[in-house]
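Here is what each chain is made of, one letter per residue.
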Amino acid sequence: MVEIFKLFRVHQYIKNLFIFMPLLFSFSYMDAHDNIYTLIAFVLFSLLASSVYIFNDLMDINEDRAHPTKKYRPIASGTISTKRAKSLILVLSLTSLSLSLILSFKLFIVLFIYFILNILYSTKLKHIAILDIFIIATGFVLRLFAGSVVTDINLSMWIILMTFLLAIFLALAKRRDDVLLSLGGQETRKNIDGYNLEFVNAAMTLMAGVVVVSYIQYTISPEVIERIGTEYLYLTSFFVVLGILRYMQITFVEQDSGSPSKIVIRDTFLKVTILFWLISFLVVTKLI
């Protein structure tokens, strides 16, 4: 069971919290109906994501065995057989897609697109440099739509753009870790030839700036100010800048950007920054 738990990559479920973003950015009190439906969407998306992670591990079994840390993954290490892994993929994907179809046809479409896109990513598209990080970013946007379709909350262009850009920033940081391993003589990905340290560093710096500017533009946009009835939302951007700088420090100074999810979970500085951003956001928008 411990190995199956690892295989599911439960720590990656933190990404699925983006499903709750439409509730947060709608500037309204969350009623029980929306809460329950969003939570169900979160669970179904997590189950489907786990099936995708397992499929990816099957496709990457040889590369993972050559990786300093991924070689300990259940399939790569041999603690979970490929036959059992395939059975889990089938059970998880069918359960998630079937239940989503019962809950909401629109949610089913979002999950189905996510599933097919990631199957294509794992088999071929992840080996195409730049396109790979765009697909990862698209997965985050689909999480937003999963939360949107079950609550009938329309997504603004700002939340879509900020999520997409932030996801590209995080994906680049992860690729930087692969580049560093490659420079150390460990070739871990076929598409690593499409990246080098100079390109990734420049691209990360560019994305960091664009993310911050996009968020500030969001906070001072007339429609947002009119909707929440205050012009002080820009104050929350201080924590966004702080969070981005801390992540860049972890990436460039500490040279540790292999797993964004684990970084957020274990780094106290980031967790406190995110908490203060959330509190300030809720206070300014009068949600608490």
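Notes on the structure follow. (Residues numbered from 1 in each chain as written. Predicted model: local features only at pLDDT ≥ 70, side-chain atom pairs only at ≥ 80, totals over all residues. Heavy atoms only, no water.)

### Quick word on the overall build of the protein
Across its full length, the protein carries 14 helices and zero strands. Computed over C-alpha atoms, the radius of gyration of the protein comes to 19 Å, within 12% of the 19 Å expected from 2.2 N^0.38 for 288 residues, which places it in the range of a compact globule. If you line up the protein on its principal axes, its C-alpha atoms span 55 × 45 × 30 Å. Within the span of the protein, comprising 288 residues, buried residues form 51% of the whole. Put simply, of all contacts in the protein between residues at least 6 apart along the chain, 71% involve residues at least 24 apart. Looking at the protein as shown, the accessible area adds up to about 13900 Å², and 69% of this sits on carbon and sulfur atoms. In the protein, the 25 positive side-chain charges and the 20 negative ones have mean positions that sit 8 Å from each other. (Helix = DSSP H or I, 4+ residues; strand = E, 2+ residues; numbered from the N terminus. Rg over C-alpha atoms; globule rule 2.2 N^0.38 Å. Buried < 20%, exposed > 50% of the residue type's maximum accessible area, 1.4 Å probe, protein only. Contact = heavy atoms within 4.5 Å. Areas by Shrake-Rupley, 256 points an atom, 1.4 Å probe, with all protein chains shown as cover. Lys, Arg positive; Asp, Glu negative; His and termini not counted. Charge placed at Lys NZ, Arg CZ, Asp CG, Glu CD.)

### Concerning the layout of surface pockets
Quantified by volume, the second largest pocket comes out at close to 600 Å³. Taken together, 24 residues line the second largest pocket, and the ones lying closest to its centre are T69, K70, R73, S259 and K262. For the lining of the second largest pocket, the secondary structure elements donating two or more residues are α1 (2-8), α9 (157-183) and α13 (260-266). Of all the elements, α9 adds the most residues to the lining of the second largest pocket, at four residues. (1 Å grid on protein atoms, 1.4 Å probe; cavity = no way out; pocket = protein on both sides within 12 Å on 5 of 7 lines; lining within 4 Å. Points joined across faces, edges and corners; volume = space filled by probe spheres on them.)

### Notes on the packing of helix α8 (residues 131-149) against α9
In contact at an axis separation of 8 Å, α8 and α9 are set at 140° when each is read in the N-to-C sense. With respect to each other, α8 and α9 are oriented oblique. Crossing handedness for the pair α8 and α9: right-handed. Between α8 and α9, the residues in contact are D132, I133, F134, I136, A137, T138, F140, V141, L144 and F145 and I159, I160, T163, F164, A167, I168, A171, L172 and R175, respectively. A breakdown of the residues in the contact of α8 with α9 according to their chemical character gives 15 nonpolar, two polar and two charged. (Axes fitted to C-alpha atoms, helices over the stretch in contact; angles between N-to-C directions. Parallel < 35°, antiparallel > 145°, perpendicular 65-115°, else oblique. Left-handed = near helix turned anticlockwise from the far one by under 90°. Nonpolar A, V, L, I, M, F, W, Y, C, P; charged D, E, K, R; others polar.)

### So, the nonpolar core
Among the nonpolar cores identified, the biggest contains 47 residues, and F25, F169, Y218, I244 and F281 are the most heavily contacted of them. Only α2 (21-25), α8, α9, α10 (197-219), α11 (222-228), α12 (237-252) and α14 (268-284) provide two or more residues apiece to this core. Looking at this core element by element, the count peaks at twelve residues for α9. In this structure F281 touches L24, F25, F27, Y215, Y218, L233 and T236, once residues within four positions along its chain are discounted. (Core = buried A, V, L, I, M, F, W, Y, C linked by side-chain atoms within 4.5 Å.)

### Focus: the environment of D57
Position of D57 relative to the elements: it lies in helix α3 (residues 32-59). Classification of D57 by relative accessible area gives buried; the value is 3%. Each C-alpha atom of the pair D57 and G184 lies 23 Å from the other, and the pair is 127 residues apart in sequence.

### Topic: the environment of G139
Locating G139 in the fold gives a position in helix α8. In this structure, the C-alpha to C-alpha distance between G139 and K15, residues 124 residues apart in sequence, is 9.7 Å. Setting aside chain neighbours within four positions, we find G139 in contact with F45 and Y114.

### Focus: the packing of aromatic side chains
Each pair of aromatic rings is reported with the distance of its centres and the angle of its planes. Tallied over the full model, the rule gives 15 aromatic pairs. Relative to F276, the ring of F239 has its centre 6.0 Å away and its plane inclined at 25°; by these criteria the two rings are stacked. With F239 in helix α12 and F276 in helix α14, this residue pair connects regions lying 37 residues apart in the sequence. Residue F276 is classed as partly exposed on the basis of its relative accessible area, which comes to 44%. Three or more aromatic residues joined by ring pairs make a cluster, and in this case those are F25, Y215, Y218, W277 and F281. Stacked on the ring of F140, the Lys or Arg R143 has its end atom at 5.0 Å from the ring centre. (Phe/Tyr/Trp six-rings, centres within 6.5 Å; stacked < 30°, edge-to-face > 60°. Lys NZ or Arg CZ within 6 Å of the ring centre and 35° of its normal.)

### Focus on the side chain of D132
Tracing the sequence through the fold places D132 in helix α8. Residue D132 is classed as buried on the basis of its relative accessible area of 0%. A distance of 2.7 Å separates a polar atom in the side chain of D132 from a polar atom in the side chain of R175. (Polar contact = N/O pair within 3.5 Å; in protein donor to acceptor, adjacent residues only side chain to side chain.)

### Some words on the pattern of salt bridges
Here the structure, examined in full by the defined rule, presents eight salt bridges. The shortest N-O distance in the salt bridge between D178 and R175 comes to 3.7 Å. Remark: R175 and D178 occur in helix α9; sequence separation between them is three residues, near one turn of the helix. When its relative accessible area of 4% is taken as the criterion, D178 is described as buried. Classification of R175 by relative accessible area gives buried; the value is 1%. Among the charged side chains, a salt-bridge network with shared partners connects R9, D57 and R73. (Salt bridge = Lys/Arg side-chain N within 4 Å of Asp/Glu carboxyl O.)

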